[in-house]
Amino acid sequence: HLYSAVDGGRGAEGGRSLAHCRLVDVASASNFHSFKLRHFHLDLHLNFAVKRITGWQVLELTPVQPGVQSLILDTHPSLLVHSVDCKVPGASGAPDVVLSLTYRIEPFTDYGSSLNISLPAAVIRPHRTFRVTIRYTTTDGPAIWWLDAELTCGQTRPLVFTQGHSVCNRSFFPCFDTPAVKSTYSATVRVPEGVTVLMSASRSAYSKQDRVFQFSMEYPVPAYLVALVAGDLQHADIGPRSRVWAEPCILTCAVSKLGGNVERWLNVAEGLFGPYVWGRYDIVFLPPSFPIVAMENPCLTFIISSILESQEFLLIDVIHEIAHGWFGNAVTNATWEEMWLSEGLATYAQRRITTEAYGDAFTCLETVFRLDALHRQMRLLGDNNPVSKLQAKFEPGVNPSSLMNLFTYEKGFCFVSYLSQLCGDIERFDSFLRAYIEKFRFSSVIAQDLLDFFLGFFPELKESCVAQREGLEFERWLNGCGPPLCEPDLSAGKALTGPVQHLCDLWGVDAPEPQVISTFDLSSWSTFQTVLFLDRLLDRSPLPQGIKNPFLPLYEDLCGGVMKCFAVEVFYQTQARLHPNLRRTLQQILFQSSALNISTAPSLLTSPPSAPSSPTDPPANGTIALRDVNVSA
């Protein structure tokens, strides 16, 4: 591929990429290289009754290439375009003229389409900004998750949220859906009475009488980081620049679990990597239907409410999303094929923060737990599987979301740790990361940008040719299959990992001695120690490989054996609590098997499900099924 990282739009401070060729992003149908997107505005109305978003979008664009005759944006079949127009200056000082533009929708991949807008010559003037307005309606595309009241934590009012990563926001609004393009944005959102709206931006105004919320993001962000949530949400401040948002029934629990820790973590991160530029760091807890654990939307981290069950996983995931404020949001991978530039660096930054806040032993324990999972995945996939490359290459039509795996995080982390080891001083490497953020802030970069800047920052390493060190070549790190070429020293965690391994060894013998095992006080173990022990015990167990495979959904396991009827009954009892996307997936799994007479299918779809015993009962079965399907995905 030929690359060119694109810096931010209006107000960008960052320097341009060190790569000077044009970027090719096979996941985008747009002609983003032909324009500079300076700003866009969304004006939206949310209709919960029919689960529909209607409104318009205004894009401020400047042509940067001669001879451009069309604007091509990414969109999706679930998004219906009603009209496209633009304003052009009137002749001899006359008022601006609104031109209706012709457009066509063309297929692109199974995750999107292209919106091709013809631009008249009167619009296209080199380096002169023009505005295009697109009026549209969108419903239940991959970015938009409408939850009926039964699917929320409180089970009293509906809720909607969006999830743009990786290429889903083209179903939320037409866009240059590539991480290479960044711009500022603003939004006006109209909602019914009793609904609160939040976005990955600062709230600039609010009219209680008209139920209109207005937002502004003053720093350039890629399309996938535009996010919205609306529902019965309340807040509590937990720091000078942070508040927790959640449904009323879980707000107190969320506040008590986070306490004053968020400001402490932000201060540690700023000491390591420089100023936090996004102003607010708020957190919104979403129902268990949220399709991932957490999402690093600027100003507003989205996180799944079920994580409140574990203090340690909550701590790690919030700190990871904080780290994205520097690595991923401020400096972004220019293409999804190098997602490790965001996730690997954010994982390294997360562990620098936890080391400063909680010590080496805690960080090493968490790292051992994650690297164990990486090697478990490696054993399942094989050493030569191309998904284990840091620079993953995919053909047109492949959904970038399929590249989200542990290699992106943990192999990327190991490479960044290796770079830190090369410079010989972790604090010198902290200085490098601060300079890297300062250099590329609000830009999108490729691996060569990072590595060239690294070698320029440490000229002695460049002179000693560390990039070509035998067996550890940078090129081999990036494009070689298999596990990390080396891993960091984690011996500082022995005080916590040692007892776990010792108990595993005792348990693994043919005749374990109960008296010896009873000397271990597991009540004093942390969550990571307990889960690490169970994982390692399972690794040594005689369970069939298919059962141990974490990528097989629970329902597929049940339907593949004698438990098919049980799976049907569980689905029958819980389908009302499942998100429609998940419900459709499970219906496909259930109906694929010949063991279920297809004539019974209508009853599964139309019979009223049993109601939960009380409004506060957690949707346990639904959550378990969702977790398994997510892992499979």
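Residues numbered from 1 in each chain as written. Predicted model: local features only at pLDDT ≥ 70, side-chain atom pairs only at ≥ 80, totals over all residues. Heavy atoms only, no water.

Applied cut-off: UniProt positions are given in the numbering used here, feature names are shortened, and annotations may be inferred rather than shown by experiment.
As annotated in an unreviewed UniProt entry, the chain is Arginyl aminopeptidase like 1 from Cyprinus carpio. Taken verbatim from the UniProt record of the chain, the Sequence similarities (unreviewed entry) comment is "Belongs to the peptidase M1 family."

### Considerations on the packing of helix α11 (residues 494-507) against helix α13 (residues 527-539)
As a reminder of what qualifies: Interaxial angles span 0 to 180 degrees and are taken between N-to-C directions of axes, which are lines fitted to C-alpha atoms, for helices over the stretch in contact. Secondary structure follows DSSP: runs of H or I at least 4 residues long count as helices, runs of E at least 2 residues long count as strands, and numbering of each begins at the N terminus. Crossing handedness: left-handed means the near helix sits turned counterclockwise from the far one by under a right angle, and right-handed means the same turn made clockwise. We call two residues contacting when some pair of their heavy atoms lies within 4.5 Å.
The contact between α11 and α13 brings their axes to 10 Å, and the two run at 35 degrees. The way α11 lies across α13 gives a crossing that is right-handed. Here α11 contributes Leu496, Thr497, Val500, Gln501, Leu503, Cys504 and Trp507 to the contact with α13, which in turn contributes Gln529, Leu532, Phe533, Arg536 and Leu537.

### Remarks on the sheet that holds strand β1 (residues 35-47)
The test is simple: Here a strand pair is declared whenever DSSP counts at least two bridges between the two strands.
If you walk across this open sheet you meet the eight strands as β5-β4-β8-β2-β1-β11-β14-β13, and the pairing is mixed. The sheet is open, and its two borders are formed by β5 (97-100) and β13 (202-207), each paired with just one other strand. On average, adjacent strands in this sheet sit at an angle of 20 degrees to one another, irrespective of strand direction. Where strand β4 (residues 79-88) lies against β5, four bridges are found, and the strand directions are antiparallel. Counted as the bridge partner of Val88 is Val97 from β5.

### With respect to the side chain of Ser171
Relative to the helices and strands, Ser171 is located in the loop between β10 (159-162) and β11 (183-190). Among all residues touching Ser171, those that are not within four sequence positions of it are His76, Ser78, Leu79, Thr138, Gly141, Pro142, Ala143 and Ile144.

### Structural notes on the pattern of salt bridges
When their charged atoms lie close together, side chains carrying opposite charge are able to pair. The following threshold applies: Salt bridge, as used here: a side-chain nitrogen of Lys or Arg that lies within 4 Å of a carboxyl oxygen of Asp or Glu. Exposed residues in this analysis have more than 50% of their type's maximum accessible area, buried residues have under 20%, and partly exposed residues fall in between, with area computed by a 1.4 Å probe over protein chains only.
Applying the stated criterion across every chain, the model contains 22 salt bridges. A salt bridge links Arg352 to Asp430, with the shortest nitrogen-to-oxygen separation between them at 2.7 Å. Taken together, the residues span a long stretch of sequence, with Arg352 in helix α4 (residues 340-358) and Asp430 in helix α7 (residues 426-440) at a distance of 78 residues. On the basis of relative accessible area, Arg352 is assigned to the buried category, the value being 6%.

### Observations regarding the side chain of Asp74
By the secondary structure assignment, Asp74 is in strand β3 (residues 70-75). In this structure Asp74 touches Ser28, Ala29, Ser30, Ser113, Arg170, Phe173, Pro174, Cys175, Phe176 and Asp177, once residues within four positions along its chain are discounted.

### Examining the packing of aromatic side chains
We count it as follows: The aromatic pairing rule takes the rings of Phe, Tyr and Trp, using the six-membered ring of Trp, and pairs them if the centres are within 6.5 Å, calling planes under 30 degrees apart stacked, those over 60 edge-to-face and the rest tilted. For a ring to carry a charge above it, either NZ of a lysine or CZ of an arginine must fall within 6 Å of the ring centroid while also lying within 35 degrees of the normal to the ring plane.
Under the criterion given, the structure shown has 43 aromatic pairs. Consider the rings of Phe453 and Phe457, whose centres lie 6.3 Å apart with planes at 40 degrees: the pair is tilted. With Phe453 and Phe457 both in helix α8 (residues 447-457), this residue pair falls four residues apart, about one helical turn. Take Phe453: its relative accessible area is 17%, and that puts it in the buried class. The exposure class assigned to Phe457 is partly exposed, which follows from its relative accessible area of 32%. One residue, Arg135, lies across the ring of Trp56, its end atom 5.2 Å from the ring centre. The ring of Tyr206 is capped by Arg203, whose NZ or CZ atom sits 5.5 Å from the centre of that ring.

### Overview of the environment of Gln65
Operational definition: Polar contact criterion, stated in full: a pair of N or O atoms within 3.5 Å, where within protein one must be able to donate a hydrogen and the other to accept it, and residues adjacent in sequence count only if both atoms are side-chain atoms.
Secondary-structure assignment places Gln65 in the loop between β2 (52-63) and β3. Taking relative accessible area as the criterion, Gln65 reaches 28% and is therefore assigned partly exposed. Taking the C-alpha atoms as reference points, Gln65 and Lys36, separated by 29 residues in sequence, lie 9.7 Å from one another. In terms of polar contacts, Gln65 uses its side chain to reach the side chain of Ser34, at 3.3 Å.

### Some thoughts on unusual backbone geometry
In most cases, non-glycine residues show a negative phi, while peptide bonds are predominantly trans. In this model, His165 is joined to Ser166 through a cis peptide bond whose omega is -5 degrees. Of note, Ser166 is situated in the loop between β10 and β11. Unlike most non-glycine residues, Cys299 shows phi in positive territory, near 75 degrees. Among the secondary structure elements, Cys299 is positioned in the loop between β19 (294-295) and β20 (300-304). Phi at Cys465 is positive, roughly 60 degrees, even though this residue is not glycine. Mapped onto the elements, Cys465 comes out in the loop between α9 (459-463) and α10 (474-479). You can call Cys465 partly exposed: its relative accessible area is 43%.

### Observations regarding the UniProt feature "active site" (unreviewed entry) in the chain
In the numbering used here, UniProt assigns the "active site" (unreviewed entry) feature to Glu321 and Tyr409. Across 89 residues, the annotated set stays spatially compact, with a maximum C-alpha separation of 12.9 Å. Here Glu321 falls in the buried class, since its relative accessible area comes to 5%. Those residues in contact with Glu321 that sit more than four places away from it in its chain are Tyr281, Ala294, Met295, Glu296 and Thr301. Here Tyr409 is to be found in helix α6 (residues 406-423). With near-sequence residues (within four places) excluded, Tyr409 lies in contact with His320, Glu343, Gly344, Thr347 and Met404.

### Quick look at the pairing of β4
Sheet topology places β4 next to strand β8 (residues 130-138); seven bridges connect them, and they run antiparallel. Residue pairing across strands places Leu80 opposite Thr137, the latter belonging to β8.

### Here we look at helix α3 (residues 311-323)
Short version of the rule: Every helix has an expected span of 1.5 Å times one less than the residues it contains.
For α3, spanning 13 residues, the distance from its first C-alpha to its last is 18 Å, which sits close to the expected 18 Å at 1.5 Å a residue. Among the 13 residues in α3, 12 count as buried, and that is most of the element. Those residues of α3 lying buried are Glu312, Phe313, Leu314, Leu315, Ile316, Asp317, Val318, Ile319, His320, Glu321, Ile322 and Ala323.

### Looking at the sheet that holds strand β16 (residues 234-239)
Strands sit in the order β16-β17-β18-β20-β19 across an open sheet of five strands; the sheet is mixed. Each edge of the open sheet is held by one strand with a lone partner, namely β16 and β19. Bridge count for β19 against β20 is two bridges, and the pairing is antiparallel. From the neighbouring strand, Met295 faces β20, where its bridge partner is Phe302. Strands β18 (282-286), β19 and β20 of the sheet are contacted by α3, whose axis makes an angle of about 150 degrees with β20.

### Observations concerning helix α5 (residues 360-381)
Counting along an α-helix, one turn takes 3.6 residues, and residues three or four places apart therefore face a common direction. Helix length check: α5 (22 residues) gives 31 Å between terminal C-alpha atoms against 32 Å at 1.5 Å per residue, within 8%. Trailing α5 by a residue or two, Gly382 shows a phi angle of about 95 degrees, which is positive.

### Here we look at the packing of α3 against α5
To keep it simple, the criterion reads: Convention used here: angles under 35 degrees read as roughly parallel, angles over 145 as roughly antiparallel, angles from 65 to 115 as roughly perpendicular, and any remaining angle as oblique. Ten residue types, Ala, Val, Leu, Ile, Met, Phe, Trp, Tyr, Cys and Pro, are classed as nonpolar, four, Asp, Glu, Lys and Arg, as charged, and the remainder, Gly among them, as polar.
In contact at an axis separation of 13 Å, α3 and α5 are set at 90 degrees when each is read in the N-to-C sense. In terms of orientation, α3 and α5 fall into the roughly perpendicular class. Contacts between α3 and α5 pair Glu312, Phe313, Leu315 and Ile316 from the former with Phe362, Glu366, Phe369 and Arg370 from the latter. The residue inventory of the contact of α3 with α5, partitioned by class, reads five nonpolar, no polar and three charged.

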